Amino acid sequence: MIVAGTRAELAAARARLAGPVVLVPTMGALHDGHRALLRRARELAGTGARPGTVAVSIFVNPLQFAPNEDLDRYPRTLNEDLRTCAAEHVDLVFAPGVREMYPAQQLVTVDPGPAGGILEGEFRPGFFRGVLTVVLKLFSLVRPDVAVFGQKDAQQLALVRQMVADFALGIEIEAVPTVRAADGLALSSRNKYLSSPERAVAPVLHQALAAGAAAAAGGPRAALEAARRVLALAGGALTVDYLALVERGTYGPVRDDAFEGAAVLAIAARLGGTRLIDNVPVQIGAGQPGMAEHAADD
Ligand code: PAF
C-alpha cells in the first residue's frame, strides 16, 4: 500500500496506477461504515488477475467546519486508519496536511446551489461549499474513474452527484447503504463523543425514521407524524434540528401532501454537544411498501 502525504507523491503514484481507479474520500477515524465503502470500492476496482486501484483520501477538511464546530476535537487516528486500509486491500492512501490541500487561501469555491441551502445547509451554513470544494479538489488530484460515498450523508451524496453532472466531471458516483449498530444507530465517527446516557437515547433517531417509513403508505404527513411521535418519547434529551421528507433524486423538499414516489426521510438532532444525522429511503404513497431498499444508483 502506497501512502502519499503530498501532491507530488500522489502524482508520482497516480502515474503508475492501474485503472479503474476507485476513490473513497474520508476524513479518517475509519469505522465499519467506512469498511463497507472500502469493500465496495474493492469490488468495483476488481480483484482478478489485473485489478484496478482502490484509493482512499484521509483529510479533515477545515473548509467544511464553521468556527463554532468540532474541527479541533474531530478524531484523528491516522495509524489505526492505515491499518484498516491495509486490511481492506487499499492500494493508495492520500493523507495530506492542511497546507498541502490549501497552500494559499481558497478564493474560488463551489457554490452548492439551492439544495445546498436547506436541511444540513440551513443548520451548517458553508458546510456544503466546503465539502464540494474539497471533493472537487480531491477529484482533480486523484483523477478517479469512480468515487464511493455513504448513503448516511444522503444530502452530500445528492450534491456530489449534482456537481459531477453540472461540471461534466465524468466520474461515476457509487452509493453504499448506511451501516448500523445492532440497535439501529447509524455508525459515525462522531458517535465517539456520546456519553453512555446519550448513547442509550441515540437509537431513537433510527426508530423514528423506521416508524415514518412504516407509515409512508399513508402519505407524507402520515410518515412525518409517525416519526415525530417516536421522537417525542426521547423528551428533552434530544433537540431536533430538522425532520424532513425530500425527493430522492433532487433532495428538494416534498411540499405536496399528495406526493407519491421515492423519497428520503432525513433527520438531524443534537444530543448534548453531539450532532447526529440519519436518513432512510422511503416509498411514499398508497399501496407502497414502507422503507425502500436503495437502488444501486441511489
Ligand atoms: O463525508 C465525509 O467524510 C466528508 O464530508 C468528505 C466527503 C470526505 C469531504 O471532506
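Whatever comes next refers back to the structure up there.
Treat the numbers as computed from the prediction; the structure is a model and nothing was measured.

Cut-offs used in this document
Residues numbered from 1 in each chain as written. Predicted model: local features only at pLDDT ≥ 70, side-chain atom pairs only at ≥ 80, totals over all residues. Heavy atoms only, no water. Helix = DSSP H or I, 4+ residues; strand = E, 2+ residues; numbered from the N terminus. Buried < 20%, exposed > 50% of the residue type's maximum accessible area, 1.4 Å probe, protein only. Contact = heavy atoms within 4.5 Å. Phe/Tyr/Trp six-rings, centres within 6.5 Å; stacked < 30°, edge-to-face > 60°. Near = heavy atom within 4 Å. Polar contact = N/O pair within 3.5 Å; in protein donor to acceptor, adjacent residues only side chain to side chain. Areas by Shrake-Rupley, 256 points an atom, 1.4 Å probe, with all protein chains shown as cover. Pairing = 2+ DSSP bridges. Axes fitted to C-alpha atoms, helices over the stretch in contact; angles between N-to-C directions. 1 Å grid on protein atoms, 1.4 Å probe; cavity = no way out; pocket = protein on both sides within 12 Å on 5 of 7 lines; lining within 4 Å. Points joined across faces, edges and corners; volume = space filled by probe spheres on them. Nonpolar A, V, L, I, M, F, W, Y, C, P; charged D, E, K, R; others polar.

Undergrad: Which residues make up the overall build of the chain, and what are the values?
TA: Per the secondary structure count, the chain includes 10 helices and 9 strands. Seen along its three principal axes, the alpha-carbon backbone of the chain occupies a region of about 55 × 40 × 40 Å. Taken over 298 residues, the chain has a buried fraction of 53%. By sequence separation, contacts in the chain at least 24 residues apart represent 70% of the contacts at least 6 residues apart.

Undergrad: Talk me through the packing of aromatic side chains; I want residue IDs and the actual numbers.
TA: Evaluated as defined, the whole model comprises 4 aromatic pairs. Taken together, a centroid distance of 5.9 Å and an interplanar angle of 40° make the contact between F123 and Y242 tilted. Residue F123 is found in helix α5 (residues 120–123), and its partner Y242 is found in strand β7 (residues 238–247); the two are separated by 119 residues along the sequence. The exposure class assigned to F123 is partly exposed, which follows from its relative accessible area of 35%.

Undergrad: Could you give me a rundown of the site of the ligand, with the residues and numbers involved?
TA: Around the ligand, the surrounding shell consists of P25, T26, M27, N61, Q64, V131, V134, V135, F149, D153 and Q156. In the model, an oxygen atom of the ligand is placed 2.7 Å from a nitrogen or oxygen of the Q64 side chain. Contact distances for the ligand include 2.7 Å between an oxygen atom and a side-chain N or O atom of Q156. Contact with the protein chains hides 88% of the accessible area of the ligand, taken as 290 Å² for the molecule alone. Those elements that provide at least two residues to the shell around the ligand are β2 (21–26) and α6 (127–142). Among the elements that line the shell around the ligand, the one with the most residues is α6, at 3 residues.

Undergrad: Before we move on, can you summarise the pairing of strand β8 (residues 261–271) with the specific residues and values?
TA: Most of β8 is tucked away: 9 of the 11 residues are buried. For β7 and β8, the ladder comprises 9 bridges, and the chain directions are antiparallel. Across the sheet, the residue bridging to L245 is L265, located in β8. Relative to strand β9 (residues 274–284), β8 is paired through 11 bridges, and the arrangement is antiparallel.

Undergrad: Break down the sheet that holds β8 for me, citing the residues and quoting the values.
TA: As summarised here, the arrangement of the 3 strands in space is β7-β8-β9, forming an open sheet in which the pairing is antiparallel. Of all strands in the sheet, those with a lone pairing partner are β7 and β9, marking the two edges. Going from strand to strand, the sheet's axes swing by 15° on average, the running direction of each strand aside. This element, helix α9 (residues 204–214), spans β7, β8 and β9 of the sheet and lies at about 15° to β9. Strand contacts of helix α10 (residues 220–232): β7, β8 and β9, with the helix running at about 160° to β7, the strand carrying the most contacts.

Undergrad: How would you sum up empty space enclosed by the protein? Please name residues and give values.
TA: With the rule as written, the count across this model stands at 1 cavity of 30 Å³ or more. Here the largest cavity defines a volume of roughly 50 Å³. If you tally residues by element for the lining of the largest cavity, the top one is β9, at 3 residues. Its residues placed into classes, the lining of the largest cavity shows 5 nonpolar, 2 polar and 2 charged.

Note that all results are geometric; they support no functional claim without further evidence.
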